[in-house]
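Now for the letters of each chain:
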Amino acid sequence: MAISFEHVTYTYQAGTPMASTALTDISFTVPDHGYLAIIGHTGSGKSTLIQELNALLKPTSGTVHVDDFTITPKTTNDDLKPLRQHVGMVFQFPESQLFEETIRKDIAFGPQNFGMSETDANHLADEMLTTVGLDSSYAERSPFELSGGQMRRVAIAGVLAMQPQVLVLDEPTAGLDPRGREEMMALFERLHREQGLTIVLVTHQMEDVAQYAEQVAVMRQGRLVKFGTPQEVFQDPDWLRANQLDVPRAARFAQALAAKGVQWDQLPLTADQLADQLAARWPQRGSADV
Amino acid sequence: MANIIEVAHLSYRYRNGEADVDQRPALNDVSFTVQAGEWLAIVGHNGSGKSTLAKSLDGLLPFSEGTITVGGIKLTPATVWQVREKIGMIFQNPDNQFVGATVEDDVAFGLENRQIARADMVPRVQAAIEEVGMTEFAHREPSSLSGGQKQRVALAGIVAIAPDILILDEATSMLDPQGRRDMLELVRQLRADQHLTVISITHDIDEAANADRVLVIDDGRLVEEAAPATIFAQGERLVRLGLDLPFTSKLQAALRQRGITPPDGYLTTAEMEAWLWQSLSNT
């Protein structure tokens, strides 16, 4: 098991008159090399939840397991370095955290901070630059000359240079154009497939949830109100709408056809899944156009 | 209908310093017009020049070649304030455009700048906040609001000064889907109530679908100008331009791959549904 939450509750400013509970009794598990999407309305607790994953916030009660690490209310700040290296966090608009003169230095900063020699860190930086789809000619350039999408890649390369086994992404494609979004999501998918990274993705993009996630957690007012495969979670459009969540376009389309009488074996979530099922029941298929 | 905006042969290059002029122009000989009351979408990928264009219209960038005329006034350093009176702009990141300590103060800011008397200001601010449905938040700090609520406050600021033209510069791109739909609905309503001309700079295909006309910008050039349905019919070319495909186009392509031939061209969701239902019933 890569991640498991056991009855995790988190209260901001616990024990003060300002106390407010952001997470209430959260329990779920993600298998090794899993891909979890966390969805929910703004303010539902998604961002609080992911900060539990590397002990930026420690549970007020309950336990968080991430691979061999255990985080409890009693966890101290002394021994968090290995955990923080193990769990890479890409926050919203990570490009705002770039600061070095050159791209290579910026990417190499994290590993050096964790004790790697400059030579090794620079070497790793060049490798990570390639991983995020920028060639080594960028290494000596200033990160501030780049476009927004390129800057974000550099910031992500900086997180990858820590060689994390779990990658936590908080709306990583916000503000990117469609091509930038697709390339970014393909990058995470590749890291997931080829290097076995466990991915935790916070997103509003239901198309991405449908296409990439293996599990989906739905948060509302600090509670985990649904947990399952994308198929299971998107099955009930009325419930999702009541929770102000979208359904993938293909599912919405399929549901409109279902209202006319088309019966689906399984609710299609992507254009390809929808086309597969349509092709299977296509009347003249295989006879008319020979 | 009269043209409220006329842009002729507009070019712009960014400068990094005195001598260091960017070789590739951010805008390259762009000409178009906008009719009063029209909703125009300007689409293009990140870095295509569409935001540069929006900023030029408001006199935020000193273009060197070409002319911009807004409401009959030619944009020059001398007329820039007159032109800005006519234009309200909303940017991508709502956090970058707040000045007031409360929602009310923030909405009042534009009126204060125009030296509107307090007696007029108070009701105008209240009316503007009510128009965007934020009355119960009037005394809240803007930073405590959600992204969608912040953009509503920004819209209220614009309603208060009642410009002729509203420019949305990727104003919905950071909102969640619900926030995005609510905001577009509000813009539709404001446009009808206040006879606004709307220019939305976007790469959201649903936002572009609201427009009467779409301009496509690529590499600083205006490469296409047509109704949304005509633009959407271009399939793979949209992808090359860095745009998304409408869902119906993706489905058409997926069906073709499976040996099914849907009608050519852009289909609305309803048309696609109707065609599929008819084909499936046709046994």
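Residues numbered from 1 in each chain as written. Chains lettered and ligands numbered in written order. Predicted model: local features only at pLDDT ≥ 70, side-chain atom pairs only at ≥ 80, totals over all residues.

The subject of this paragraph is the overall build of chain A. Looking only at helices and strands, chain A features eleven helices and ten strands. A compact globule built from 290 residues would reach a C-alpha radius of gyration of about 19 Å, and chain A, at 21 Å, matches this within 12%. Projected onto its principal axes, the C-alpha coordinates of chain A cover approximately 65 × 55 × 30 Å. Within chain A, buried positions represent 44% of all 290 residues. Contacts spanning at least 24 positions in sequence make up 62% of the contacts within chain A whose residues lie at least 6 apart. (Helix = DSSP H or I, 4+ residues; strand = E, 2+ residues; numbered from the N terminus. Rg over C-alpha atoms; globule rule 2.2 N^0.38 Å. Buried ≥ 20, exposed ≤ 12 C-beta atoms within 10 Å, placed from the backbone. Contact = placed C-beta atoms within 7 Å.)

Within chain B, the regular secondary structure consists of eleven helices and ten strands. For chain B, buried positions account for 43% of its 283 residues. Long-range pairs, those at least 24 residues apart, make up 65% of the contacts in chain B between residues at least 6 apart in sequence.

Attention now goes to the sheet that holds strand β5 (residues 73-74) of chain B. Residue and element names in this part refer to chain B. Sheet architecture is open: four strands sit in the order β2-β1-β4-β5, paired in antiparallel fashion. Strands at the two margins of the open sheet, each flanked by one partner only, are β2 (27-35) and β5. Of the pairings in the sheet, the one linking strand β4 (residues 65-70) to β5 comprises two bridges and is antiparallel in character. Bridge pairing in β5 links Thr 69 to Lys 74. (Pairing = 2+ DSSP bridges.)

Let's shift gears to the interface of chain B and chain A. Taken together, the contact pairs 29 residues of chain B with 30 residues of chain A. Every element with two or more residues in the side of chain B that touches chain A is listed here: α6 (177-194), α10 (247-257) and α11 (269-281) of chain B. For the side of chain B that touches chain A, the residue count by class is eleven nonpolar, 13 polar and five charged. (Nonpolar A, V, L, I, M, F, W, Y, C, P; charged D, E, K, R; others polar.)

All names here are of chain B. Positioned with a positive phi, Ala 162 is a non-glycine residue whose angle comes to about 45°. When you line up the elements, Ala 162 lands in the loop between α5 (147-161) and β7 (165-169). Of note in the backbone geometry, Glu 170 takes a positive phi value of approximately 50° without being a glycine. Along the chain, Glu 170 turns up in the loop between β7 and α6. With 22 C-beta atoms counted inside 10 Å, the residue Glu 170 sits in the buried group.

Our focus in this paragraph is the confidence of the model for chain A. Residues and elements named next belong to chain A. Of the residues in chain A, 98% have a pLDDT of 70 or more, and the chain-wide mean is 91. Summarising per-element confidence for chain A, the mean pLDDT is lowest in helix α9 (residues 237-242) (84) and highest in strand β8 (residues 198-202) (98). Overall, residues 286-290 carries pLDDT values under 50, and its contacts beyond four positions in sequence, including any with other chains, amount to zero contacts. (pLDDT = per-residue confidence, 0-100.)

Attention now goes to the sheet that holds strand β1 (residues 3-12) of chain A. Residues and elements named next belong to chain A. Taking strand neighbours across the sheet as the criterion, the four strands line up as β2-β1-β4-β5 in an open arrangement whose pairing is antiparallel. Lying at the two open borders of the sheet, with one neighbouring strand each, are β2 (20-30) and β5 (69-71). The average undirected angle you get between the axes of adjacent strands in this sheet is 20°. When β1 meets strand β4 (residues 61-66), the two strands line up antiparallel, connected through five bridges. (Axes fitted to C-alpha atoms, helices over the stretch in contact; angles between N-to-C directions.)

Turning next to the environment of Ala 227 of chain B. Turning to its location among the elements, Ala 227 of chain B is positioned in the loop between β10 (221-226) and α8 (228-232). For the pair Ala 227 of chain B and Ala 119 of chain B, spaced 108 residues apart in sequence, the C-alpha to C-alpha distance is 44 Å.

The next subject is the confidence of the model for chain B. With 96% of its residues at a pLDDT of 70 or more, chain B has an overall mean of 88. As scored by the predictor, the complex reaches a pTM of 0.83 and an ipTM of 0.80.

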